[in-house]
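Fold and contact review
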Amino acid sequence: MSEDIPFDRSFDLPPGKVEEIYPGVRRLLCNNPGPFTFKGTVSYIVGRDRVAVIDPGPLDEAHIKALLDTVQGETITHIFVTHTHRDHSPAAARIKAATGAPTFGEGPHRAARELHLDEAPRLDASGDQEFRPDTALADGDVVAGDGWMLEAIATPGHTANHMAFALKDSEILFSGDHVMAWSTPVVAPPDGAMSDYMASLEKLLHRPETTYLPGHGGAVRDAPRFVESYIGHRRGREQSILSRLAEGEADIPTLVQRIYIGLDPRLTRAAGLSVFAHLEDLVTRGLIVTDGPPSLGSIYRLRG
Ligand SMILES: [Zn+2]
């Protein structure tokens, strides 16, 4: 993978052990490591005594128990969800059942655009189709709890319903899967859209928060600079696609081979989807063409 981004893969929190990473912010790791989840999903607890949970995680009994044990003697008053992938939102229903706390999020899982005929199964595979927030948040909405305030920041791209949450009067932004220190996220149609993703990165550049707490791995420090490197990385990938197509038309496997050197074989499919996301964006912008709507099987060429 490209190292033009100053990745930080240090993250030593063992699953089930709570850690206060910032005054009034605790984190807890779920034991669901993998090529897309790094060490696992990180759930956050904001506040003291009357607290919010951000991203309760997957349907993992040990993690749900650990979350509830951590806040024993306290009250969960709010449950926030950054987005509806299965490693982030499904436990919300269980935490709500146990505590009565209402859920907050942008909305149900949905595609970033109209589906092509063969795409519905892919949308279903990673998405949590059950989640419906009790309160649907819009960009800029502020939710106030006991001693904390969270501002919802619509950050579509990784999913259409992705939200980040800024902790008011602090340097902290909970970035979900939008920006992470250990890796770039998958941006895969039809869940995700590269044009939305890039716009959501630009949006964060203008915000004051300097430390991001992501859904996987450790904190992102010097966050605006890091976001800049994320943007540069995606632009570089776009350039690689365009320069390969300048040599002649190509399909997605050919482009993946050219762009991703030394790719973890488990990530080949994801890399193909990520290239597809770029291609969709480039077609929309009129830089490249293909026959019919862009799809995973299409042949792409520069606009002549
Ligand atoms: Zn995700």
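Residues numbered from 1 in each chain as written. Predicted model: local features only at pLDDT ≥ 70, side-chain atom pairs only at ≥ 80, totals over all residues. Heavy atoms only, no water.

**Considerations on the packing of aromatic side chains**
Counted only if it meets this: Stacked, edge-to-face and tilted labels apply to pairs of Phe, Tyr and Trp rings (six-membered ring for Trp) whose centres lie within 6.5 Å, assigned for plane angles under 30 degrees, over 60, and everything in between, in that order. The helix count covers DSSP runs of H or I at least four residues long, the strand count covers runs of E at least two residues long, and both are numbered beginning at the N terminus. For the exposure calls, accessible area comes from a 1.4 Å probe over protein chains only, and a residue counts as buried if that area is under 20% of its type's maximum, exposed if over 50%, partly exposed in between.
Inspection of every chain in the model, using the stated rule, returns six aromatic pairs. Between Phe-226 and Tyr-230, the aromatic rings sit 5.2 Å apart at their centres with planes inclined by 45 degrees, giving tilted as the arrangement. With a gap of four residues between them, Phe-226 and Tyr-230 both fall in helix α5 (residues 223-246), about one helical turn apart. For Phe-226, a relative accessible area of 4% translates into the label buried. Ring pairing ties together the aromatic residues Phe-80, Phe-104, Trp-148 and Phe-165, which thus form one cluster.

**Some thoughts on the nonpolar core**
Keep this limit in mind: Nonpolar cores were defined as sets of buried Ala, Val, Leu, Ile, Met, Phe, Trp, Tyr and Cys residues, with membership established by side-chain atoms within 4.5 Å. In this analysis, two residues are considered to be in contact whenever any of their non-hydrogen atoms come within 4.5 Å of each other.
Phe-80, Phe-165, Phe-174 and Val-179 are the most contacted members of the largest nonpolar core, which has 49 residues in total. When neighbours within four sequence positions are excluded, Phe-165 is seen to be in contact with Ile-54, Phe-80, Val-81, Thr-82, Leu-137, Leu-150, Glu-151, Ala-152, Ile-172, Leu-173 and Phe-174. If you look at the next biggest cluster of nonpolar residues, it comprises 18 residues, including Ile-241, Ile-259, Leu-267 and Phe-276.

**Side note on the sheet that holds strand β10 (residues 163-167)**
Convention followed: Here, strands pair whenever DSSP counts at least two bridges between them. Only the stretch in contact is used when a helix axis is fitted, and all axes are lines through C-alpha atoms; the angle between N-to-C directions ranges over 0 to 180 degrees.
One open sheet holds the five strands; their spatial order is β8-β9-β10-β11-β12, and the pairing between them is mixed. Edge positions in the sheet fall to β8 (142-144) and β12 (211-214), since each of these pairs with one other strand and no more. The mean inter-strand angle of the sheet, taken between neighbouring strand axes irrespective of direction, is 25 degrees. Across five bridges, strand β9 (residues 149-154) lies against β10 in antiparallel orientation. By the bridge assignment for β10, Leu-150 is matched with Leu-167.

**What to know about the pattern of salt bridges**
Filter applied, for reference: A pairing counts as a salt bridge when a side-chain nitrogen of Lys or Arg comes within 4 Å of a carboxyl oxygen of Asp or Glu.
Per the counting criterion, the structure on display carries 20 salt bridges. A salt bridge links Arg-26 to Glu-74; the nearest nitrogen and oxygen atoms lie 2.9 Å apart. Here Arg-26, found in strand β2 (residues 25-29), pairs with Glu-74, found in the loop between α1 (61-70) and β5 (75-80); they are 48 residues apart in sequence, far enough to count as distant. Given a relative accessible area of 16%, Glu-74 falls into the buried group. Across the pair Arg-258 and Glu-247 runs a salt bridge whose closest N-O atoms are separated by 2.8 Å. Note that Arg-258 is positioned in helix α6 (residues 252-259) and Glu-247 in the loop between α5 and β13 (250-251), a separation of eleven residues in sequence. We classify Glu-247 as exposed; its relative accessible area is 54%. Linked through salt bridges whose partners overlap, the residues forming this network are Glu-151, Lys-168, Arg-207 and Glu-209.

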